[in-house]
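Architecture at a glance
These are the residues of each chain, in order.
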Amino acid sequence: MEAVKAEGLTVVYGRLKALDEVSFTIPSGSMTAVIGPNGSGKSTLLKTLIGLVKPAAGSFKVLGSTIDKMRGKVAYVPQREEVYWEYPLTVWDVVALGRIKAVGPLRPVRKGDRVVSQSLERAGIESLQSRRLSELSGGQQQRIFLARAMAQEADLYLMDEPLTGIDAEAEDRLLDILSDLRKEGKTIVMTTHDLSSTLELFDNVLVLKNRLIAFGRPEEALKTENLVQAYGSERVAMHLSDVRRVAGWR
Amino acid sequence: MIEFLIEPLTYEFMRTALATAVVVGLTASTLSVFVVLRGWSLLGDAISHSVLPGLAFSAAFNLPLTLGGAVAGVVASLLVALVESRSRVRNDTAIGIVLTGAFALGLVIISRIRPTVDVFHILFGNVLGVSPQDLLLTAALGFVVILLISLFMKEIIAFTFDPLFTYVVGLPTNLIHYSLMIMMSLTIIAALQTVGIVLVISLLVAPGATAQLFARTLGQMLLVSLTVGVFSSVAGLYLSYYFAVSSGGAIALTATLVFFSAMMLKRR
Ligand SMILES: Nc1ncnc2c1ncn2[C@@H]1O[C@H](COP(=O)(O)OP(=O)(O)OP(=O)(O)O)[C@@H](O)[C@H]1O
Ligand SMILES: [Mg+2]
């Protein structure tokens, strides 16, 4: 089954076309990286897929249905969390919010909830669980939102630049977690500016420059001509060919 | 001291006033926690001022005041959202425009219909004039608000902490948002006679703000907020009785002083 199917997706902000007839199909149980320069519509694409931004034309399906029917089965971690960091919640409290739909109204999330403790553990933050939100580093904060998304037990994970601003170890850790999720049949779509060998871990790469430049296996999508089209610069393309050499694709 | 506290209660009107003050303190300070955490202090001010045209309109057409006030409160919050999304102005600007516009409309309607009620009392409260029926209405409104908040605490926390996430997991965010707006309007109407619509914001902000200085968890924050809210309303009531000053003024002033004292205490 396909996790995401977009057909002629077009999004406009006023007179600006942020997405221009973008079509692609992402199979379930796969990991996709969305790359493209600043302003190329990466965040817009994710926001459209969760139903936050309405397309001006075209259509899309997530998990084989409309987003309205599948809400809750789709997790989203935005580029920047815009929450009030002084809100008096502990790490556990925030992760437990992921269970809010599953537990249902009129009942609290139990302190011993297994899904919450597993999510904390998988994200490697069980030792932080009684810390207050305001007492965490940026990288730690980000992992909490990943844990919350996992507690949601979603089938599709949309993550906007989760690798930005975290150290190499945290990056490895995050990519491990995502690979595990993929093994369980979950689908992961994330945007990134990291044009390094990391991309080889993905099943597909989607190259965006408001319109779709390429979509396919990393070695296909990352061909020099595609990158020059997206980034408009030989220099980036050169850099990328380095990456290709390191990754041994040639 | 005991004598000082008991003596006023020999009067029927003071017993009613005290009960009303306690109910208003409890209701407003419960909501206050979320108003402060969501950053809705200004929005609360806009809603409270917008209740005026609603009340005036209801009075003019003999409709229930509660209904008119609640509708006006929600319309105000809708207008703020509309101004914000349709123009490039920031939230505080949108609020400033709606607040003054609504309040002006209220004054215009009132000056035209010349209601029997004293406008001064609507604006600044007059808890000593509360009738037993008023107390009943206040208690009913307070009960509804506190019940809703306790039943849907988890959803309200989720929404006030992270509305985008609440939307993504598939909760009805609009329903939660506008229920909170309605609850704010109902609290304002419940507090109408105690502090009046101009001063009610003090009870919607000061208790939660004071609580935030000390509390480490949300439970603690609710507890401190409730204590501050009830203390301010009751202390204000006594001050108003003994010094023959405006009850709304005394209550709002107490709440403000409690906040500043707490802030000084915290700094040391
Ligand atoms: N809410 C908005 N209103 C108007 N224009 C917007 C809005 N959001 C994005 N845009 C515009 O749409 C285009 C795509 O933006 P988007 O945020 O999707 O880019 P991006 O690929 O995520 O960029 P970045 O790498 O900087 O995160 C940009 O030109 C941006 O200016
Ligand atoms: Mg972006």
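Structural notes, computed from the coordinates. (Residues numbered from 1 in each chain as written. Chains lettered and ligands numbered in written order. Predicted model: local features only at pLDDT ≥ 70, side-chain atom pairs only at ≥ 80, totals over all residues. Heavy atoms only, no water.)

**Quick look at the overall build of chain A**
Our working rule: Starting at the N terminus, helices and strands are each numbered in turn, a helix being any DSSP run of H or I of at least four residues and a strand any DSSP run of E of at least two. Here the radius of gyration uses the C-alpha set of atoms, whereas the globule reference equals 2.2 Å times the residue count to the power 0.38. Note on classification: 1.4 Å probe, protein chains only; a residue is buried when its accessible area is under 20% of the maximum for its type, exposed when over 50%, partly exposed between these limits. Two residues form a contact once any of their heavy atoms are found within 4.5 Å. Working definition of accessibility: Shrake-Rupley area with a 1.4 Å probe, residue cover restricted to the visible protein chains. Within this scheme the basic residues Lys and Arg register as positive and the acidic residues Asp and Glu register as negative, but His and the chain ends are omitted. Here the site of a charge means NZ on Lys, CZ on Arg, CG on Asp, or CD on Glu.
Across its full length, chain A holds 10 helices and nine strands. Relative to its length of 250 residues, chain A is compact, with a C-alpha radius of gyration of 18 Å against a globular reference of 18 Å. With the principal axes as the frame, chain A shows a C-alpha extent of 55 × 40 × 35 Å. With 250 residues in all, chain A has 54% of them scored as buried. For chain A, the proportion of contacts with a sequence separation of at least 24, taken over those separated by at least 6, is 67%. Total accessible area computed for chain A in this model is approximately 11,400 Å², and 47% of it derives from carbon and sulfur atoms. If you average the places of the 34 positive and of the 32 negative side-chain charges in chain A, the two averages end up 5 Å apart.

**Topic: the overall build of chain B**
Looking only at helices and strands, chain B features 13 helices and zero strands. Its helices and strands taken in sequence order, chain B reads α-α-α-α-α-α-α-α-α-α-α-α-α from the N to the C terminus. Relative to its length of 268 residues, chain B is compact, with a C-alpha radius of gyration of 18 Å against a globular reference of 18 Å. Going through the 268 residues of chain B one by one, you find that 51% of them count as buried. Residue pairs in contact within chain B that sit at least 24 positions apart in sequence constitute 76% of those at least 6 positions apart. If you sum the accessible surface of chain B, you get close to 12,200 Å²; carbon and sulfur atoms cover 72% of it. With 12 positive and 10 negative side-chain charges, chain B shows a spacing of 12 Å between the two charge centroids.

**A closer look at the packing of aromatic side chains**
The line we're drawing: The rule is short: rings of Phe, Tyr and Trp, with Trp giving its six-membered ring, pair when the centres are within 6.5 Å, and they are stacked under 30 degrees, edge-to-face over 60, tilted in between. Two conditions define a charge located above a ring, namely a distance within 6 Å from the ring centre to NZ of Lys or CZ of Arg, and an angle within 35 degrees of the ring normal.
Tallying each qualifying case throughout the model produces 11 aromatic pairs over all chains. When the ring of Tyr11 of chain B is compared with that of Tyr241 of chain B, the centres are 6.4 Å apart and the planes differ by 45°; the resulting orientation is tilted. One end of the pair, Tyr11 of chain B, is in the loop between helix H1 (2-6) and helix H2 (12-38); the other, Tyr241 of chain B, is in helix H12 (residues 218-243), with 230 residues separating them in the sequence. The partly exposed category is assigned to Tyr11 of chain B, whose relative accessible area is 37%. Lys111 of chain A extends its terminal NZ or CZ atom over the ring of Trp92 of chain A, reaching a point 3.6 Å from the ring centre. Of note, Arg148 of chain A hangs over the ring of Phe165 of chain B, and the distance from its end group to the ring centre comes to 3.7 Å.

**Details of the side chain of Thr27 of chain B**
Residues and elements named next belong to chain B. Within the secondary structure layout, Thr27 lies in helix H2. Accessibility expressed as a relative area gives 2% for Thr27, which makes it buried. Discounting chain neighbours no more than four positions away, the residues touching Thr27 are Gly142, Val145, Ile146 and Thr187.

**Considering the pattern of salt bridges**
Let me state the cut-off plainly: We define a salt bridge as a contact between a side-chain nitrogen of Lys or Arg and a carboxyl oxygen of Asp or Glu at a distance within 4 Å.
Counting across every chain of the model gives 17 salt bridges over all chains. Asp68 of chain A is paired through a salt bridge with Arg71 of chain A; the nearest N and O atoms lie 3.2 Å apart. For Arg71 of chain A, a relative accessible area of 17% gives the class buried. A salt bridge links Asp203 of chain A to Arg182 of chain A; the nearest nitrogen and oxygen atoms lie 2.8 Å apart. In this pair, Asp203 of chain A is assigned in the loop between strand S7 (187-191) and strand S8 (204-209) and Arg182 of chain A in helix H7 (residues 168-183), connecting sequence segments 21 residues apart. Note on Asp203 of chain A: relative accessible area 21%, which makes it partly exposed. It is possible to trace a salt-bridge network through shared partners that takes in Glu81 and Arg148 of chain A together with Asp162 of chain B.

**Considering the side chain of Ser77 of chain B**
Residue and element names in this part refer to chain B. Put simply, the rule reads: Two N or O atoms form a polar contact when they lie within 3.5 Å of each other; inside protein one atom must be a possible hydrogen donor and the other a possible acceptor, and for residues adjacent in sequence the pair counts only when both atoms belong to side chains.
Along the chain, the position of Ser77 falls in helix H4 (residues 65-86). Within the local environment of Ser77, its side chain forms a polar contact with the backbone oxygen of Val74, the two atoms lying 2.8 Å apart. Excluding its chain neighbours within four sequence positions, the residues that come into contact with Ser77 are Ile47, Tyr178 and Met181.

**Let's talk about the pairing of strand S1 (residues 2-13) of chain A**
All names here are of chain A. To keep things clear, this is the line we draw: In this analysis, strands are considered paired if DSSP registers two or more bridges between them.
Looking at chain direction, S1 and strand S2 (residues 16-27) are connected through eight bridges and run antiparallel. Bridging across to S2, Val11 finds its partner in Leu19. Counting the residues in the hairpin turn of S1 and S2 gives two residues, including Gly14, whose phi is positive at 60°. Here five bridges tie S1 to strand S4 (residues 57-62), and the two strands are oriented antiparallel to one another. Residue pairing in the sheet places Ala6 in a bridge with Phe60 of S4.

**Comments concerning the packing of H12 of chain B against helix H13 (residues 247-267) of chain B**
Residues and elements named next belong to chain B. Defined as follows: In this analysis an axis means a line fitted to C-alpha atoms, helices contributing only their contacting stretch, and an angle means the value between N-to-C directions, from 0 to 180 degrees. With respect to orientation, any angle under 35 degrees is reported as roughly parallel, any angle over 145 as roughly antiparallel, any angle of 65 to 115 as roughly perpendicular, and every other angle as oblique. Handedness of a crossing follows from how the near helix is turned relative to the far one, being left-handed for an anticlockwise turn of less than a right angle and right-handed for a clockwise one.
It is the contact of H12 with H13, at a shortest axis distance of 7 Å, that shows an interaxial angle of 135°. Put simply, H12 runs oblique to H13. Crossing of H12 against H13: the hand is right-handed. Contact residues: Val228, Phe231, Ser232, Ser233, Ala235, Gly236, Leu237, Leu239 and Ser240 in H12; Ser247, Ala250, Ile251, Thr254, Ala255 and Val258 in H13.

**Brief notes about helix H5 (residues 114-122) of chain A**
Residues and elements named next belong to chain A. As a reminder, the rule being used: Within this analysis, the arc is defined by the directions that extend from the helix axis to the C-beta atoms.
Of the positions making up H5, those classed as buried are Val115, Val116, Ser119 and Leu120. The buried residues of H5 occupy an angular sector of 135° when the element is viewed end-on, so they sit on one face. Facing away from the buried side of H5 by more than 90 degrees, the exposed set consists of Arg114 and Glu121. For H5, the secondary structure elements touched by its buried residues are helix H3 (91-96) and helix H6 (138-151). At the N-terminal end of H5, a side-chain oxygen is found 3.0 Å from the backbone nitrogen of Val115, two or three residues along, and the residue is Asp113.

These values are about where atoms sit, not about what they do.
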